[in-house]
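Architecture at a glance
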Amino acid sequence: MSGDVHVVVLAAGQGTRMRSVIPKVLHAIGGQTLLGRVLSVAEALGPNSITVVVGHKAEQVEDLVHSRGHATVCQAEQLGTAHAVLQAQAALAGRTGTLLLLSGDVPLLEGHTLRSLLDVHASAGAAASVVTAVVPNPFGYGRVVRREGAIVRIVEERDASREERAVAEINAGVYAFELPVLWEGLREIAPANAQGEFYLTDLVQVFRRRGRAV
């Protein structure tokens, strides 16, 4: 891993499926909150900065983040993952290098996975890199669509065709992006999907249109 690395963690969601008054990322597993575990892995990388995007019950999440010396930005309206990442732009104004994007509800991430992602991303000279997995039952996950080995699209389950739903490779939701190319690409995303949200995964097509590697 070389060069500046800035970590952004998405932790604004309500987590309605958990049916709890506690913010999803503050639920504990093995004596530590989900978000706390993600932050521990991120901190071990020694990044230049860590910024957490908060939203639902922001004050409670901010208490945890600020106690560890990290910054927060607020996504007042949950308009999708691309919109969430954009909230961190002002906090990272003028920064260059790589943005490592994580989710606050993925507590089993390991440091070697993130280091490998950053190393592969740097060696490829890509605008964006994504961690994927091949699973026996991909139901509910975004599918990774490839052409001649290259990723050409990431499509959510509800927006996928029958053929795309048969794909076993899924998006793990862990990304590396180059700054400031990321901010430029995010501005081109439109909410053209079943949820009417700004999907971060649409960056794949944006970058490909620009001739940038993914």
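Here we summarise the structure given alongside this text. Sequence positions are assigned chain by chain, starting from 1 and proceeding in written order. For this predicted model, a pLDDT threshold of at least 70 governs which residues receive local features, and a threshold of 80 or more governs which side-chain atom pairs are given and counted, while totals over whole chains, interfaces and linings are taken from all residues. To get the side-chain values, take all heavy atoms of the structure and skip hydrogens and water.

On to the environment of A166, then. Helix and strand assignments come from DSSP, with helices taken as H or I runs of at least 4 residues and strands as E runs of at least 2, each series counted from the N terminus. Counting through the fold element by element, A166 comes out in the loop between α5 (162–165) and β10 (169–179). Working definition: with a 1.4 Å probe on protein chains only, accessible area under 20% of the residue-type maximum means buried, over 50% means exposed, and in between means partly exposed. You can call A166 exposed: its relative accessible area is 64%.

Turning our attention to the nonpolar core. What tends to happen in soluble globular proteins is that the nonpolar side chains get buried as a cluster. We define the nonpolar core as a collection of buried residues of types Ala, Val, Leu, Ile, Met, Phe, Trp, Tyr and Cys that are connected through side-chain atoms lying within 4.5 Å of one another. One finds L99, L101, F177, L182, W183 and L186 to be the most contacted residues of the largest nonpolar core, which totals 32 residues. When contributions to this core are tallied by element, the ones reaching two or more residues are β1 (5–11), α3 (81–86), β6 (97–103), β7 (128–134), β9 (150–155), β10, α6 (181–186) and α7 (203–209). In this description, contact between two residues means that some pair of their heavy atoms is separated by no more than 4.5 Å. Setting aside its immediate chain neighbours within four residues, L182 contacts V85, L99, F177, L203 and F207. In this structure, V38, A42, L45 and A58 belong to the second largest nonpolar core, which totals 27 residues.

What follows covers unusual backbone geometry. In this chain, L179 is followed by P180 through a cis amide linkage whose omega measures -5 degrees. Tracing the backbone shows P180 in the loop between β10 and α6. Despite not being glycine, K57 has its phi angle at roughly 50 degrees, a positive value. Residue placement: K57 occurs in the loop between β4 (49–54) and α2 (58–67).

Time to look at the pairing of β6. Judged by how many residues are buried, β6 sits mostly within the fold: seven of seven residues are covered. One requirement defines pairing of two strands: DSSP has to find at least two bridges between them. Sheet topology places β1 next to β6; six bridges connect them, and they run parallel. Bridged to V9 within β6 is L102. Bridge count between β6 and β10: five bridges; the pairing is antiparallel.

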